[in-house]
Amino acid sequence: MKQLKKGGYARAFRTAFPFTIPVLTGYLFIGIAFGVMYQEKGYNFLWAILMSILVYAGSGQYLAVNFFAPGVGWWDVIFMTFMVNIRHIFYGLSLLERFGRMGKKRLYMIFSLTDETYSLLFITKVPKDVEEDKFLFAIAILDQAYWVLGSAIGAIAGSLIPFNAEGIDFAMTALFIVIFVDQWLAGGNRIPAVIGLLSATAFRMIFGADSFILPSMICIMICLILGRKYIESEKKQEVKKDAD
Amino acid sequence: MPISVEKSLLIIVAVAVTTFSTRAIPFLLFPKDKEIPDSIKYIGKVLPPAVIGMLIIYCFKSVNPFVYSHGLPELIAAVTVIVLHVWKRNNLLSIGVGTVLYMFLIQRVF
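Residues numbered from 1 in each chain as written. Chains lettered and ligands numbered in written order. Predicted model: local features only at pLDDT ≥ 70, side-chain atom pairs only at ≥ 80, totals over all residues. Heavy atoms only, no water.

Caption draft 1: The domain arrangement of chain A, seen in detail. Residue and element names in this part refer to chain A. Domain assignment breaks chain A into domain 1 (2-168) and domain 2 (187-244). If you average the C-alpha positions of domain 1 and of domain 2, the two centres end up 27 Å apart. Contacts between the two partners involve five residues from domain 1 and, on the opposite side, four residues from domain 2. Of the roughly 440 Å² buried where domain 1 meets domain 2, counting both sides, 98% is carbon and sulfur surface. Of all residues in domain 1, Ile86, Arg87 and Phe90 give up the largest surface area on contact with domain 2, accounting jointly for 81% of the area buried on that side. Summed over the shared surface of domain 1 and domain 2, the number is zero salt bridges. Applying the counting criterion to the domain 1 and domain 2 interface returns zero residue pairs in polar contact (both at pLDDT 80 or more). Residues belonging to the side of domain 1 that touches domain 2 are distributed by class as follows: four nonpolar, no polar and one charged. (Domains from an automatic or database assignment. Contact = heavy atoms within 4.5 Å. Buried area = accessible area lost by both parts, 1.4 Å probe. Salt bridge = Lys/Arg side-chain N within 4 Å of Asp/Glu carboxyl O. Polar contact = N/O pair within 3.5 Å; in protein donor to acceptor, adjacent residues only side chain to side chain. Nonpolar A, V, L, I, M, F, W, Y, C, P; charged D, E, K, R; others polar.)

Structure, rendered in structure tokens:
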């Protein structure tokens, strides 16, 4: 029973699995959608697997399918990929210290920092009986495994799926809503959450569906920096209330 | 395949490297052995809830309230997820019911 002691990878994966089930549902199906799209361009499942292992980005890979056509320039490939992923530039700021303690696994953790894994790492409290670094690593690996599996299924059998799966990607939306509700009810500071919702809504209306993420992200950063005194004083009051 | 194997592989590599670099930038700016400035620690702490709020809007980015179905399936499903989750606090239940309801709404009702 050696692997059952605290620190074992087997235990880390077993403990992490239930936390990743929402991502399992979502990734499997948006992965399938990617596999189907890529396969329609003439690339078999090995290509889909390769791309999902090396790239690992939802909207990034959807976009990338369009690059496999004659006449697409390298600059377009790099610039468009960069723009569709630009929100990720900021994610690492929340994980500098946590990943810094993870040794060799750090590089993989940085690589695998998708929207879903980022959100899951933020909301999940590490259970007491596992080592933090192995647990976080297990979450990251499981999430990517679902993504790779989904893309493979899509590329092999996407057209054979016997039921109409339209709308199944709502699982991802629901995951973000659930995480949002959890942290809203957790009693912490709600101002950052409201800033995120409002900036994105405002810039979606101003710039349209295709180019509002970068301005929203910049606006969020500015609001958080300018509002620091206010946000932090709000935090202290809550701590005080708890102490009373 | 519309283009050569070599070009296809190179595209995958280019997309992979670009995607990785967006994720790696903060870690390059603030390497492990360097003290992280207080202001960055603060941003790191308050950023996730703001990003999650933004990602919800991102998921609804194609909704147009002025054309049919007016975002109603999205609204109904989202409210259901919220109510269920506040009530039961069960991730799988909230996500499962919300997703099935949404699929039913867009496939059969709207």
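Caption draft 2: Up close: the packing of helix H2 (residues 45-54) of chain A against helix H9 (residues 132-157) of chain A. All names here are of chain A. Taken N-terminus to C-terminus, the directions of H2 and H9 make an angle of 160°; their axes are 8 Å apart at the nearest point. Judged on the interaxial angle alone, H9 and H2 are roughly antiparallel. Handedness of the crossing formed by H2 with H9: right-handed. In this structure, H2 uses Phe45, Ala48, Ile49, Ser52 and Ile53 to contact H9, whose residues at the interface are Gln144, Trp147, Val148, Ser151, Ala152, Ala155 and Ile156. Of the residues that constitute the contact of H2 with H9, the class distribution is nine nonpolar, three polar and no charged. (Axes fitted to C-alpha atoms, helices over the stretch in contact; angles between N-to-C directions. Helix = DSSP H or I, 4+ residues; strand = E, 2+ residues; numbered from the N terminus. Parallel < 35°, antiparallel > 145°, perpendicular 65-115°, else oblique. Left-handed = near helix turned anticlockwise from the far one by under 90°.)

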